[in-house]
Amino acid sequence: MATKVLPQPERDEIRVEAVLQALGEPVRLTIVRALADNPAGVCCGEIELPVTASTRAHHLKTLREAGVISTHTDGTRRVSLLRRDDLEGLYPGLLTGVLSAKQ
């Protein structure tokens, strides 16, 4: 089965306002922290969250559309990865600061 990358902004289209808004929600921050700990990516259902599947999908879409994560299909699974290199290149230290903040 072919891998398909879901729609996401190109690196030069990522805006700091969208990134900050996406990172400013606790559930989305939990997702980003989980992805930061798993550079190879995580299947969306493998991250334990206190929300329904539809709410989880909404949060993942928000992160993807902001350019924080990239999501691709792997058979019937959707695998998400943190766009660390893109974010560090555009906004040096932002992601590191967010990830090191007290939970």
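Residues numbered from 1 in each chain as written. Predicted model: local features only at pLDDT ≥ 70, side-chain atom pairs only at ≥ 80, totals over all residues. Heavy atoms only, no water.

> What exactly am I supposed to notice about the sheet that holds strand E3 (residues 77-82) here?
Sheet architecture is open: three strands sit in the order E1-E3-E2, paired in antiparallel fashion. Of all strands in the sheet, those bounded by a partner on one side alone are strand E1 (42-43) and strand E2 (69-74). One ladder, built from six bridges, connects E2 with E3; its direction is antiparallel. Bridge pairing links Thr 71 to Ser 80 in E3. Across the face of the sheet, helix H2 (residues 26-36) comes into contact with E1, E2 and E3 while running at roughly 85 degrees to E3. (Pairing = 2+ DSSP bridges. Helix = DSSP H or I, 4+ residues; strand = E, 2+ residues; numbered from the N terminus. Contact = heavy atoms within 4.5 Å. Axes fitted to C-alpha atoms, helices over the stretch in contact; angles between N-to-C directions.)

> Just to check I follow, could you spell out the environment of Thr 71 for this structure?
Summarising the element assignment, Thr 71 is placed in strand E2. The class of Thr 71 is buried, set by a relative accessible area of 4%. As a C-alpha pair, Thr 71 and Leu 6 span 65 residues in sequence and 5.7 Å in three-dimensional space. Each residue touching Thr 71, except ones within four places of it in the same chain, is listed here: Lys 4, Val 5, Leu 6, Gln 8, Arg 64, Arg 78, Val 79 and Ser 80. Polar side-chain contacts of Thr 71 include one of 3.0 Å to the side chain of Ser 80. (Buried < 20%, exposed > 50% of the residue type's maximum accessible area, 1.4 Å probe, protein only. Polar contact = N/O pair within 3.5 Å; in protein donor to acceptor, adjacent residues only side chain to side chain.)

> Would you mind showing me how to read H2 here?
Helical periodicity: at 3.6 residues per turn, an α-helix aligns residues three or four positions apart in one direction. A large share of H2 lies buried, amounting to nine of its 11 residues. For H2, the set of buried residues is Val 27, Arg 28, Leu 29, Ile 31, Val 32, Arg 33, Ala 34, Leu 35 and Ala 36. The opening residue of H2, the one whose side-chain oxygen lies 2.7 Å from the backbone nitrogen of Val 27, is Glu 25.

> Explanation requested: the pairing of E2 in the structure shown.
Each regular strand shows side chains that alternate between the opposite faces of the sheet. The buried count for E2 comes to five of six residues, which makes it a mostly enclosed element. Between the end of E2 and the start of E3, which pair antiparallel, lie two residues, with Gly 75 showing a positive phi angle near 70 degrees.

> Would you mind going over helix H3 (residues 53-66) with me for this structure?
Relative to the 20 Å expected for 14 residues at 1.5 Å per residue, H3 spans 20 Å between its end C-alpha atoms, a close match to the ideal helical length. Every buried residue of H3 is listed here: Arg 56, His 59, Leu 60, Leu 63, Arg 64 and Ala 66. Where H3 is buried, its residues contact helix H1 (16-23), H2, E2 and E3. Positive phi appears at Gly 67, one or two residues downstream of H3, with a value of about 90 degrees. (Expected span 1.5 Å × (residues − 1).)

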